Amino acid sequence: MRIKILALCVMLSLHYFVNASIVDISFTNQDWTYSSGVTQSANKIEIIGSSTGYRTASLVVDIPANTSTLYLVADVYFENIVCGDAAHKAPKFKMYKSDGSKYPVLNFYNPLEKRWVTTGLKIEKNSETQITIEFGIQSATGTMVIKNPQLLSTAPSVPALEFPFDVPADKICYLDIDLQSTRPFNNDKLSSNTHFTWADYGWADDEVHQVIYEHFPMTNLRFPGGTVGNFYDWRRDGYYENQYSYDKGYSMDHRVGYPGFEAFSLSSGASSTLMFNVISETVEVAKQRLQDRIDGGLDIAWIEMGNENYFIGTQGIGQVDSEENYILHTTDLAAGLKEVISDVKVAVNIEHGAWEAGGWNYNLAQENYYDATVMHGYVQTNTFLLNPISAFTMLNAYKTTQERFEAYKNLFGNTPLLMTEWNVLSDDTPLNFIQTLSITDLFLAIEEEEVVKQAGIHMLFKNEHYHESTLTYNIGSQMVLTANGVVYAKLFDVFKDKQVYSALSTSADLEPGLPAVNARAVDHGDEVKVLAVNKLPEPATLNLQFGGQSYAGAYTLEYFHEDVNQVLTDPYNSPEQAFVSQSASGIISLPAYSIAVVSIAKSDIPTSIESSLKETETISYSAQNKTIRIKTDSPSVNWRLYSMSGVEVDRGDALLIHVNHLNDGMYIIQTNSSIHKVLIY
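Residues numbered from 1 in each chain as written. Predicted model: local features only at pLDDT ≥ 70, side-chain atom pairs only at ≥ 80, totals over all residues. Heavy atoms only, no water.

## A short note on the overall build of the protein
A count of helical and extended segments in the protein gives twelve helices and 47 strands. Taken over C-alpha atoms, the radius of gyration comes to 27 Å for the protein, in line with the 26 Å a tight globule of 681 residues would show. Counting only C-alpha atoms and orienting by the principal axes, one finds that the protein spans roughly 85 × 70 × 50 Å. Across the 681 residues that make up the protein, the buried fraction comes to 58%. Accessible surface computed for the protein: about 26,300 Å², of which carbon and sulfur atoms make up 46%. For the protein, the separation between the mean place of its 46 positive charges and that of its 80 negative charges on side chains is 5 Å. (Helix = DSSP H or I, 4+ residues; strand = E, 2+ residues; numbered from the N terminus. Rg over C-alpha atoms; globule rule 2.2 N^0.38 Å. Buried < 20%, exposed > 50% of the residue type's maximum accessible area, 1.4 Å probe, protein only. Areas by Shrake-Rupley, 256 points an atom, 1.4 Å probe, with all protein chains shown as cover. Lys, Arg positive; Asp, Glu negative; His and termini not counted. Charge placed at Lys NZ, Arg CZ, Asp CG, Glu CD.)

## Here we look at helix α10 (residues 483-495)
For α10, which comprises 13 residues, the first-to-last C-alpha distance of 19 Å matches the rise-based estimate of 18 Å (1.5 Å per residue) to within 8%. For α10, the buried fraction is high: twelve of the 13 residues fall into the buried class. Turning to α10, its buried residues are A483, N484, G485, V486, V487, Y488, A489, K490, L491, F492, V494 and F495. D497 lies just past α10 and shows a positive phi near 60 degrees. (Expected span 1.5 Å × (residues − 1).)

## Some thoughts on the packing of helix α1 (residues 206-215) against helix α3 (residues 258-268)
One can describe the packing of α1 onto α3 by two numbers: an axis separation of 12 Å at closest approach and a directional angle of 35 degrees. Classified by chirality, the crossing of α3 by α1 is right-handed. On α3, the residues that touch H209, I212 and Y213 of α1 are F264, S267 and S268. Among the residues making up the contact of α1 with α3, the classes are represented as three nonpolar, three polar and no charged. (Axes fitted to C-alpha atoms, helices over the stretch in contact; angles between N-to-C directions. Left-handed = near helix turned anticlockwise from the far one by under 90°. Contact = heavy atoms within 4.5 Å. Nonpolar A, V, L, I, M, F, W, Y, C, P; charged D, E, K, R; others polar.)

## Observations regarding the nonpolar core
One finds I133, F135, L151, W422, F495, V530 and L544 to be the most contacted residues of the largest nonpolar core, which totals 185 residues. Setting aside residues up to four positions removed in sequence, I133 forms contacts with I25, W32, A57, S58, L59, V61, L72, K94, M95 and L151. Core analysis: the next-biggest nonpolar cluster, separate from the first, contains twelve residues, I628, V659, I669 and I680 among them. (Core = buried A, V, L, I, M, F, W, Y, C linked by side-chain atoms within 4.5 Å.)

## Details of the sheet that holds strand β43 (residues 639-643)
Hydrogen bonds between backbone groups are what pair the strands of a sheet, and the pairing can be parallel or antiparallel. Pairing is antiparallel in the open sheet, where four strands are placed in the order β44-β43-β46-β47. Edge positions in the sheet fall to β44 (648-652) and β47 (675-680), since each has one partner strand and no second. With direction set aside, neighbouring strand axes in the sheet form an average angle of 25 degrees. Note: β43 against strand β46 (residues 665-670), four bridges, orientation antiparallel. Within β46, the position partnered with S643 by the bridge is Y667. (Pairing = 2+ DSSP bridges.)

## Some words on the packing of aromatic side chains
Inspection of every chain in the model, using the stated rule, returns 41 aromatic pairs. Taken together, the aromatic side chains of F196, Y201, W203, Y213, F223, Y232, Y258, F261, F264 and F461 make up a single cluster linked through ring pairs. The positively charged end of K345 is found above the aromatic ring belonging to W302, 5.2 Å away from the centroid. Residue placement shows K462 over the ring face of W198; its charged tip is 4.4 Å from the ring centre. (Phe/Tyr/Trp six-rings, centres within 6.5 Å; stacked < 30°, edge-to-face > 60°. Lys NZ or Arg CZ within 6 Å of the ring centre and 35° of its normal.)

## Let's talk about a nonpolar patch on the surface
Taken together, the side chains of M666, L679 and Y681 define a hydrophobic patch exposed on the protein surface, amounting to about 290 Å² of accessible area. With respect to the helices and strands, M666 occurs in strand β46. For M666, a relative accessible area of 30% translates into the label partly exposed. (Patch = residues over 30% accessible without salt bridge, like charges linked within 9 Å, V, L, I, M, F, W, Y side chains within 5 Å. Salt bridge = Lys/Arg side-chain N within 4 Å of Asp/Glu carboxyl O.)

## Notes on unusual backbone geometry
In this model, F223 is joined to P224 through a cis peptide bond whose omega is 0 degrees. Among the structural elements, P224 can be located in the loop between β17 (220-223) and β18 (232-233). Looking along the chain, the bond that leaves H458 and enters M459 is cis, with omega of 0 degrees. Examined against the element boundaries, M459 turns out to sit in the loop between β26 (452-458) and β27 (472-475). In this structure, S139 is a non-glycine residue whose phi angle is positive, near 50 degrees.

## With respect to the confidence of the model for the protein
Here the protein shows a mean pLDDT of 91. Residues at 70 or above account for 95%. Within the model, pLDDT remains below 50 along residues 1-18, and this stretch shows 70 contacts once partners closer than five positions in the same chain are excluded. In the predicted structure, residues 609-615 sits below a pLDDT of 50 and forms seven contacts with residues beyond four places in sequence or in another chain. (pLDDT = per-residue confidence, 0-100.)

The following block contains the structure:
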């Protein structure tokens, strides 16, 4: 079964603008160029991929002057796609400028298959009057079929969005908690990246301090941030006055705010992850910088040697304009910094989706001059449309991240991994709750992975607008939260300074390796708290067990849910404003598309249940008589019968239960001591 939901729009309406074609790019009316492996039939092409080649269809088109925004849109269908060992080895949509340089690319890495979907690529600030459009499969196998291509000046109308997976019949999440088995939560996994470059506020401002103390009490802070750090000159607390900074458009008058960062770090007790400029900063200047930070009293946990320098030509420039030069320079830098303080921990940066032999990650894995690596764990849709493909990509964030961790450990073993930036991002997809669900799910992958020693969501504060990559922003002088900020603040409440129970949840998979519902249990002293993420468009049951025996007692359920059909624009003052709280007992039902926290008092957890009762109690079903029979040594058992969505449909104490009044399907029967599933047919 597939559940249909309405598509989001670019504005607040639930409809996209009427199509406005710039030029006809249909396959029947234009002079397209096709490589081998591409066939055309009417207004449709089929591309058969090759693991060793690039199969393309391309077209040069003239663009009317002053067309600043372009939307390349088409209907696409994938089948049997096997992507390569790097993120670019995949099906894709591309557009090139007249000089041959490319705009941002829409890669379909492990895409949703066997369904027609309207999707596309958005280009802003276009100044070209001639571009090249390209559809292709690069170094990957399988089939991509494309029809009805359009080049538009406004966002297209699209069909209603479908949930991108089959909804499983078994909508139950099982979590068996051993109260004696815990591990400490690493607080440094709840950090964030920020640099206030486009903000009215900075590290020295009380409003920033307050929102951190109140909602995001981080134990590790990063400075000066990502890309901006590649151009940062610590001696002037601004940018290097050189061509690299000028090319980026950075203001030489801007000050990044190190004095405020240092003061806040000292007052809050947070350690520091410092990002050093490897593009322009010499080893001697970097040594002076480290000594200055030590003299200032910083507790330095890690030093990142550059930021995303594998992007040769944009961040891989200057002293690190090739991988060879990056390795040479950072080898010298690591040695120089350890002359200042012998136990300083330095990290090199690696790509999150490039594991091929001879590539950047592979070559760095052969070196041993560093103490850790930095991987930016973004999951990106790269499209402006919320459609089944982008929802599929976002909701796969947990699985995608786990696969990256496995690929990482295959190359780097147990070398500590820092995720100083991560998020689930798009290219201007209307802000939606699918993203918020996916962010929470991705965090659970980070939380359970031991090789990860630090993680910081991107980003704490961007500017005074609600944005997909910000936790908080200001309205006047008041700091407010986005939906992502609400969830991140709740993660602090649940995990910080706590012990996490070792148990991992199980549920039906949406696809192999992607559970429909994810849950983790945390020790809160007198309480057990369970954080659960229900990615389904229907309610799901949370079956909590302690020592193998199902819990059916009292609990408090807090849940956060927003209509995925609505664009998120309204801020929240606090997590309490967003989360709905209710107390109940018995079956725990998680609302559709929700992030929930279940709290159970330890005093309500039975310390012992008669083992003989559990051993002798069985459930059987007779299709002929439409009856459920409870076999037990007891003369009667109190029971309740629930639908798979957690709605109670019957109750009683008789051992023979007549269910001829119920529709066929799967149900849950809860007794005093256990919970069972039973299929009525």
